[in-house]
Amino acid sequence: MNSTFPLQLNINLTPMALSKIKKLTDSHPGYMLRLSVTKGGCAGNEYLLELAIPKEKDIRLKIEDVVVAIDPESSHLLAGSTIDYKEGLTQGGFRIINPQAKSTCGCGSSFQV
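Here the structure is a predicted model, which is why all the values come from computation and not from measurement. (Residues numbered from 1 in each chain as written. Predicted model: local features only at pLDDT ≥ 70, side-chain atom pairs only at ≥ 80, totals over all residues. Heavy atoms only, no water.)

A count of helical and extended segments in the protein gives two helices and nine strands. Along its sequence from the N terminus, the protein presents helices and strands in the succession β-α-β-β-β-β-α-β-β-β-β. Counting across all 113 residues of the protein, residues that qualify as buried make up 40%. Of the contacts made within the protein by residues no fewer than 6 positions apart, 55% connect residues no fewer than 24 positions apart. Only carbon and sulfur atoms are counted for the fraction: they give 53% of the accessible area of the protein, which is about 6,800 Å². (Helix = DSSP H or I, 4+ residues; strand = E, 2+ residues; numbered from the N terminus. Buried < 20%, exposed > 50% of the residue type's maximum accessible area, 1.4 Å probe, protein only. Contact = heavy atoms within 4.5 Å. Areas by Shrake-Rupley, 256 points an atom, 1.4 Å probe, with all protein chains shown as cover.)

Laid out in structure tokens, this is it:
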């Protein structure tokens, strides 16, 4: 069952993130990039990005021809965020830019609201 995507959530993907997600999901039919937040990390909350088959209650966001699954219980912590992707030898990979984060750890994988 697909949940409707709340307009106030407003998750954005940069062109690089769109391209990388499309490459990953094209090679794994039925899978989506799934985004959630768990307790942990240096700052209290930690982002979890995984290539997975979405859960039934996940919110699905379609941007262009890419669909991203969002854990509904994490959605309030992700509202207004942008997912970016960088390539490089250091600090490459997906990155979440979250306007709600009051502080983040040095590596950027955990945050506090």
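Turning our eyes to something else, we now look at the sheet that holds strand β1 (residues 12–13). The three strands lie next to each other as β1-β6-β7, forming an open sheet whose pairing is mixed. The sheet terminates laterally at β1 and β7 (93–97), the two strands that pair on one side only. Here β1 runs beside strand β6 (residues 82–86); their pairing, made up of two bridges, is parallel. Considered in β6, the bridge of Asn-12 is made with Thr-82. (Pairing = 2+ DSSP bridges.)

On to the pairing of β7, then. Each regular strand shows side chains that alternate between the opposite faces of the sheet. Note that β6 and β7 share five bridges and pair antiparallel. Pairing of Thr-82 across the sheet is with Ile-97, part of β7.

Next up on the list: the pattern of salt bridges. Counted according to the given criterion, the structure contains six salt bridges. The partner of Glu-50 in a salt bridge is Arg-34, with the nearest N and O atoms 3.5 Å apart. On the criterion of sequence distance, the pair formed by Glu-50 in strand β3 (residues 44–52) and Arg-34 in strand β2 (residues 32–40) is long-range, its members being 16 residues apart. For Glu-50, a relative accessible area of 29% puts it in the partly exposed group. Asp-84 serves as the salt-bridge partner of Lys-86, at 3.4 Å between the closest nitrogen and oxygen. (Salt bridge = Lys/Arg side-chain N within 4 Å of Asp/Glu carboxyl O.)

So, about helix α1 (residues 15–26). An ideal rise of 1.5 Å per residue puts 16 Å on 12 residues; α1 measures up with 16 Å between its terminal C-alpha atoms. Ala-17, Leu-18, Ile-21 and Thr-25 are the residues of α1 that are buried. Down the axis of α1, the buried side of the element spans an arc of 100°, and every buried residue falls inside it. Exposed side chains of α1 directed beyond 90 degrees from the buried face belong to Pro-15, Lys-23 and Asp-26. (Expected span 1.5 Å × (residues − 1). Arc of directions from axis to C-beta.)

Turning to its location among the elements, Ala-101 is positioned in the loop between β7 and β8 (103–104). Separated by 24 residues in the primary sequence, Ala-101 and Leu-77 have C-alpha atoms spaced 8.6 Å apart.

Take unusual backbone geometry next. The residue Glu-64 is not glycine, and still its phi comes out positive at about 55°. Owing to a relative accessible area of 63%, Glu-64 belongs among the exposed residues under this scheme.

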